[in-house]
Amino acid sequence: MKTMSHNNSQEQGSATIMYFLMMVVVISLIAAAMTYLSGTVRLEHRRSDMVAAQEYAEAGAAIGCNELNTAFTSATSNLASSLVTEGYALQSSLSTPQTNVYQRTISTPFTNQTVLAQLRIPTSSSATTAAVVATATRNNVTQTATANLTMNWGYPAAIISTNAGTTTTGTSKSDAQQGNVSIVGSSKGTVVVDSDGGQGKAILANGSANWATATVTKTQVSAGNYGTANQVPDYTAQGTDNALFDFNRFIAAANATPNSLSASGTNHFTSLASFLQANAAAAATPAGALEGIIVVDVTQTSGSKDVGIDVLANPENYVGTSYMPAVNPQIHGITVHGTLFFNFGPAYTPLDKIFNRTPMNINPANLSGLVAGNPSTYPSGYPATYYDPTKNPVNVDISSQGYTNFGPGDDLPALMYSIGTVDMHSSVNISGVVYTPSYMEEENMATSEGFKIANQLQYIKGSVIVGLGYFLSNQQTATTIVSYDPRTLNSIATMGNAGKSLKIAYWQ
């Protein structure tokens with residue numbers, strides 16, 4: 001019998017090798033699993049950091065939007081000063097001639113987190129866009145959120161009165177002269193204050209707003225706003241941070257606009273008489289009007305500061321018929337395509353007047369289809385159409401005088417006056433903004449004072465912005481309409497973009 005011997009050591013060695021190989025495989029699998037798990041954890045952490053950073057950036061952008069809007073609508077200071085108050089600083093190295101960049105680091109209301117916020121604001125006085133860019137970093141992961149904004153006029157209304165006024169309920173002229181809005185009509189005629197289908201308010205006033213025998217929708221009136229959250233900043237305080245327009249910029253434009261009909265050779269007239277003479281001559285030109293930014297200096301020329309413009313016989317202290325257009329002066333009157341600015345001299349106070357008894361046509365609308373009781377028929381002559389393009393303010397260079405040129409998108413006011421009162425008694429056809437830091441009177445005198453125009457119409461399509469009250473009266477067989485038009489204000493060329501408000505257009 002042959003005996004077979006087994007090599008147990010060899011078998012055991014083979015088993016050990018197999019076990020080792022299996023362990024290597026298992027360990028590799030475990031290592032791979034751990035690597036995958038570690039990568040997944042890191043990926044989840046990164047994703048979490050990305051989400052957190054994005055949320056912080058978006059929150060910072062929202063805070064920046066709110067702070068920028070607060071600065072734009074400040075009742076006490078201009079944009080730059082308000083942004084400093086909010087903690088922003090102008091970054092000259094990041095700014096360009098077209099855009100100012102303001103920047104600050106936001107830490108509140110976050111915990112252990114900050115956001116860098118940049119406000120990118122166009123330098124144009126009629127800017128319609130802006131952007132807030134916010135950047136946040138979370139554990140080395142950085143995210144950015146951009147809120148693109150639209151900038152529009154923030155106080156849409158047919159009549160805007162910024163004076164504190166009083167609590168009167170009266171509609172007299174003296175009530176208006178206390179800084180309120182007083183509107184008075186009668187059964188003879190029609191008075192309408194229209195909000196353009198609710199696109200704005202009929203009246204927006206810090207003081208009182210009262211009316212009698214007039215078509216004014218009460219729900220479209222916001223009055224008594226002084227000292228409340230709805231107070232309208234005093235954008236009529238000339239010489240302050242909140243002044244709506246820089247009058248000197250308009251004077252510069254008039255000085256730079258050539259005019260062969262003017263004694264000065266420009267659109268700047270140094271007296272009412274010289275202006276009216278040029279206006280009469282312009283009526284016979286192809287344009288049929290003076291064009292561009294027209295500045296008229298009103299100075300005291302006699303014992304009384306109250307002067308007048310008249311199509312009738314010359315009463316005392318009136319500049320009258322000899323300067324009126326030969327072609328139907330009671331209809332043509334004063335006609336301007338662009339902006340008419342009465343620049344009162346230092347002798348004048350808010351209640352010193354120009355009594356205007358001649359028609360006032362500034363960017364006149366075609367009124368042939370107007371129906372007083374149907375606001376959908378209210379036409380506009382805005383923006384101005386220029387026969388002579390060299391008179392268009394867009395084509396007038398005022399940079400050499402230290403002012404920014406007006407741009408193609410600028411909305412410009414139709415009628416302005418600096419102080420005193422332009423008291424309009426004759427027909428009115430104005431498309432655009434009427435602005436004064438002073439007091440305004442508009443009295444439809446169709447059948448009084450010797451007028452011969454039946455059913456006279458006083459019509460303003462745009463917005464009336466006053467600083468010391470507004471008296472609107474029509475007690476004749478006539479029609480008076482003040483109708484809001486947002487197109488005249490959306491890109492209004494205000495100083496430092498005063499009066500603008502912001503809305504988020506879209507996010508990036």
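Residues numbered from 1 in each chain as written. Predicted model: local features only at pLDDT ≥ 70, side-chain atom pairs only at ≥ 80, totals over all residues. Heavy atoms only, no water.

Trainee: Looking at this model, I keep getting lost on the overall build of the protein. Mind explaining?
Mentor: Counting secondary structure elements, the protein contains six helices and 26 strands. Taking all 508 residues of the protein together, 51% fall into the buried category. Contacts spanning at least 24 positions in sequence make up 68% of the contacts within the protein whose residues lie at least 6 apart. Total accessible area computed for the protein in this model is approximately 22,200 Å², and 54% of it derives from carbon and sulfur atoms. (Helix = DSSP H or I, 4+ residues; strand = E, 2+ residues; numbered from the N terminus. Buried < 20%, exposed > 50% of the residue type's maximum accessible area, 1.4 Å probe, protein only. Contact = heavy atoms within 4.5 Å. Areas by Shrake-Rupley, 256 points an atom, 1.4 Å probe, with all protein chains shown as cover.)

Trainee: Please explain the nonpolar core as it appears in this structure.
Mentor: In globular proteins that are soluble, nonpolar side chains generally tend to be buried together. With 78 residues, the main nonpolar core has Ile-203, Leu-340, Phe-342 and Ile-430 as its most contacted residues. In this structure, Leu-79, Phe-110, Leu-119 and Ala-147 belong to the second largest nonpolar core, which totals 26 residues. (Core = buried A, V, L, I, M, F, W, Y, C linked by side-chain atoms within 4.5 Å.)

Trainee: Looking at this structure, I do not really get the environment of Val-434. What am I missing?
Mentor: Along the chain, Val-434 falls in strand β21 (residues 428-436). Judged by relative accessible area, Val-434 falls into the buried class, the value being 1%. Counting along the chain gives 21 residues from Val-434 to Pro-413, while the straight-line C-alpha distance between them is 6.3 Å. When neighbours within four sequence positions are excluded, Val-434 is seen to be in contact with Leu-415, Met-440, Ile-460, Ser-463, Val-464 and Ile-465.

Trainee: How should I be thinking about the side chain of Ser-208 in this particular structure?
Mentor: In this fold, Ser-208 is placed in the loop between β9 (201-205) and β10 (209-212). Assessed through its relative accessible area of 9%, Ser-208 is described here as buried. Here Ser-208 is in contact with Thr-166, Thr-167, Thr-168, Asn-180, Val-181 and Ala-223, once residues within four sequence places are set aside.

Trainee: Is there a simple way to think about unusual backbone geometry in this case?
Mentor: If a residue is not glycine, its phi is most likely negative; likewise, a peptide bond is most likely trans. In this model, Thr-108 is joined to Pro-109 through a cis peptide bond whose omega is 20°. Note that Pro-109 resides in the loop between β2 (99-106) and β3 (115-122). Put simply, Tyr-382 and Pro-383 share a cis peptide bond, and its omega is 0°. Among the structural elements, Pro-383 can be located in the loop between β18 (360-362) and β19 (415-417). Although it is not a glycine, Asp-196 adopts a positive phi angle of roughly 60°. The phi torsion at Thr-213 lies on the positive side, around 50°, for a residue other than glycine. Note that Thr-213 resides in the loop between β10 and β11 (221-222).

This is a description of form; function is not addressed.
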